[in-house]
2 protein chains.
Amino acid sequence: MDTATRPGLRERKKQRTRDALLRRGLELFTTRGYERTTVDEIAEAVDVSQRTFFRYFAGKEDIVFFVQEMVESQYVTEIARRPAEEAPVEVMRQAVMSCWDRIGASIEQLVPVELHLRTYQLIWETPALLAIHLRRSIEWEEKIARILAAREGVDPETDPRPRVAVGLFGGVMRVTERTWSAGGDLTVAAMRDLTTRHLDAIAPALARGW
Amino acid sequence: MDTATRPGLRERKKQRTRDALLRRGLELFTTRGYERTTVDEIAEAVDVSQRTFFRYFAGKEDIVFFVQEMVESQYVTEIARRPAEEAPVEVMRQAVMSCWDRIGASIEQLVPVELHLRTYQLIWETPALLAIHLRRSIEWEEKIARILAAREGVDPETDPRPRVAVGLFGGVMRVTERTWSAGGDLTVAAMRDLTTRHLDAIAPALARGW
DNA sequence: TGTCGTTTGTCAGTAGCTGTCACTAGTCTG
DNA sequence: CAGACTAGTGACAGCTACTGACAAACGACA
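On a predicted model such as this, the values are computed, not experimentally measured, just so you know. (Residues numbered from 1 in each chain as written. Chains lettered and ligands numbered in written order. Predicted model: local features only at pLDDT ≥ 70, side-chain atom pairs only at ≥ 80, totals over all residues. Heavy atoms only, no water.)

As a further point, take the UniProt feature "DNA-binding region" (unreviewed entry) in chain A. Here the UniProt-annotated "DNA-binding region" (unreviewed entry) positions come out as residues 38-57 of chain A. Its end C-alpha atoms 14 Å apart, residues 38-57 of chain A is made of 75% helix and 0% strand. (UniProt positions renumbered as here; feature names shortened; annotations may be inferred. Helix = DSSP H or I, 4+ residues; strand = E, 2+ residues; numbered from the N terminus.)

Structure follows, in structure tokens:
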């Protein structure tokens with residue numbers, strides 16, 4: 001067996017500890033609730049000290065957003081990959097759809113997809129998490145706006161269109177996410193369906209008479 | 001002087017304590033920074049115990065969002081007041097503008113307008129506050145969506161247009177707020193100007209070719 | 001003036017998070 | 001392969017936001 005490419009024992013041990021904290025944390029959060037789960041409980045469940053938990057995750061919340069981070073960064077990558085002839089809003093739409101299609105392949109090795117989908121519900125029903133989630137969203141939006149601006153060759157500091165496009169698209173996606181997580185059908189199919197319906201409602205919503 | 005309509009000494013004392021905590025808190029936050037100001041410091045500056053602080057404000061953050069709450073509820077009231085012939089998005093636009101016009105009259109007796117404007121900057125440069133601010137925003141959005149739905153006689157649970165309209169409008173307003181608070185000109189006039197420019201950019205941003 | 005109810009301060013305690021220090025167990029070097 | 005180095009860890013102490021319990025202080029009102 002090749003040991004040269006494989007990380008050392010120390011590294012593997014670290015990886016295992018992180019994964020354990022992540023999975024046990026998410027499991028405890030989604031079953032018991034975020035607020036009702038203490039850091040000490042997660043640490044104890046994985047049999048490490050509280051201090052060690054904080055060496056792997058800067059905060060309790062980081063457990064929740066670790067997988068989210070992966071998915072979101074993939075979304076941004078996908079945006080940068082879209083063909084040049086696509087209109088900005090269409091770029092974002094296609095990227096969202098494409099990400100939901102790949103979701104299984106991209107995270108399954110870390111956590112079960114079903115657990116990840118339940119995380120959205122956890123976020124939207126936990127005020128403290130929702131707040132952080134929304135802040136993270138607009139941080140991504142800033143990055144996306146810059147990418148779209150570069151794509152279209154405009155300056156985001158003087159031309160409001162990139163940020164406005166991303167902001168309004170994000171606003172609609174937030175509504176979609178909220179509706180999806182509140183509804184009973186927490187599946188990728190349901191999310192795709194809702195996304196289509198909401199994005200198609202943009203023009204009608206802007207129209208003069210309803 | 002009429003003492004019958006005037007609240008008693010106890011009530012006035014309470015009012016004074018609350019106002020003092022609010023103003024001193026905002027002053028300390030905007031000068032020293034939010035994280036670097038402790039609740040104990042605010043309490044001490046007003047010469048009450050820490051426990052008393054928490055009897056007036058449920059949390060440190062509530063100092064920051066007390067005036068915001070007033071302004072935002074006035075915004076929602078304004079929306080409900082708009083003439084029936086105005087299109088939904090136009091309703092929100094007019095309400096925003098109208099609120100910025102009245103901002104002086106509505107809060108000046110509580111805190112100086114200038115201090116309130118600086119609060120937006122504080123919020124947008126303090127991650128913890130920004131997170132809460134965004135969550136509060138989407139909570140208002142839900143209320144506004146219901147008002148607009150009722151106005152137009154549609155069911156928000158089946159027709160996506162009310163929430164989509166509010167969500168995308170909110171998304172654009174967030175971009176506006178962010179840009180404004182990051183820029184050098186923290187005035188009502190600058191905010192009005194930016195709002196107009198961003199809202200006018202919605203249609204161009206959605207267009208196929210930039 | 002004295003009683004009653006509200007407001008307040010004090011004290012103790014919890015949860016999230018950080019700094020410090022010493023110990024142990026991988027890892028690297030000669 | 002032995003000894004030095006270093007990263008990961010646990011134990012402990014401390015800070016800040018926040019809460020509950022109880023008693024003292026104070027305004028309201030007869």
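What follows deals with helix H7 (residues 127-152) of chain B. Compared with an ideal rise of 1.5 Å per residue, which puts 26 residues at 38 Å, H7(B) spans 37 Å between its outermost C-alpha atoms and is within 8% of the ideal. Positive backbone phi, approximately 70 degrees, marks Gly153(B), located one or two places after H7(B). (Expected span 1.5 Å × (residues − 1).)

Bringing the UniProt feature "domain: HTH tetR-type" (unreviewed entry) in chain A into the picture now. According to UniProt, the "domain: HTH tetR-type" (unreviewed entry) feature falls on residues 15-75 of chain A. End C-alpha to end C-alpha, residues 15-75 of chain A measures 25 Å, and it is 80% helix and 0% strand.

Moving on: the nonpolar core. Of all hydrophobic cores here, the largest spans 128 residues; its most connected members are Met92(A) and Met92(B). When neighbours within four sequence positions are excluded, Met92(A) is seen to be in contact with Tyr75(A), Ile79(A), Ile144(A), Leu148(A), Ala165(A), Val166(A) and Phe169(A). (Core = buried A, V, L, I, M, F, W, Y, C linked by side-chain atoms within 4.5 Å. Buried < 20%, exposed > 50% of the residue type's maximum accessible area, 1.4 Å probe, protein only. Contact = heavy atoms within 4.5 Å.)

Attention now moves to the relation of the copies chain A and chain B. Least-squares fitting of chain A to chain B yields an RMSD of 0.1 Å, with the transformation described by 0.0 Å of translation along the axis and a rotation of 179 degrees. Taken together, the rotation and translation relating the two chain copies correspond to the operation of a two-fold axis. When the interface residues of chain A are mapped onto chain B, 100% of them again lie at the interface, so the same face is used by both copies. (Least-squares fit on C-alpha atoms with pLDDT ≥ 70 in both.)

A separate point is the domain arrangement of chain A. How big an interface is tends to be stated in terms of accessible area lost as the parts join. Residues and elements named next belong to chain A. According to the domain assignment, chain A consists of domain 1 (1-57) and domain 2 (60-206). Counting from both sides, the interface comprises 17 residues of domain 1 and, opposite them, 17 residues of domain 2. The junction of domain 1 with domain 2 conceals about 1,700 Å² of combined surface from both sides, 77% of it contributed by carbon and sulfur atoms. If you sort the residues of domain 1 by the area they bury against domain 2, Leu-22, Leu-26 and Tyr-34 come out on top, with a joint share of 39%. Taken together, the links from domain 1 to domain 2 amount to zero salt bridges. For the pair domain 1 and domain 2, the number of links is four residue pairs in polar contact (both at pLDDT 80 or more). Sorting elements by how many residues they give to the side of domain 1 that touches domain 2 places helix H1 (residues 9-32) first, with 11 residues. Looking at the side of domain 1 that touches domain 2 residue by residue, the classes come out as eight nonpolar, four polar and five charged. (Domains from an automatic or database assignment. Buried area = accessible area lost by both parts, 1.4 Å probe. Salt bridge = Lys/Arg side-chain N within 4 Å of Asp/Glu carboxyl O. Polar contact = N/O pair within 3.5 Å; in protein donor to acceptor, adjacent residues only side chain to side chain. Nonpolar A, V, L, I, M, F, W, Y, C, P; charged D, E, K, R; others polar.)

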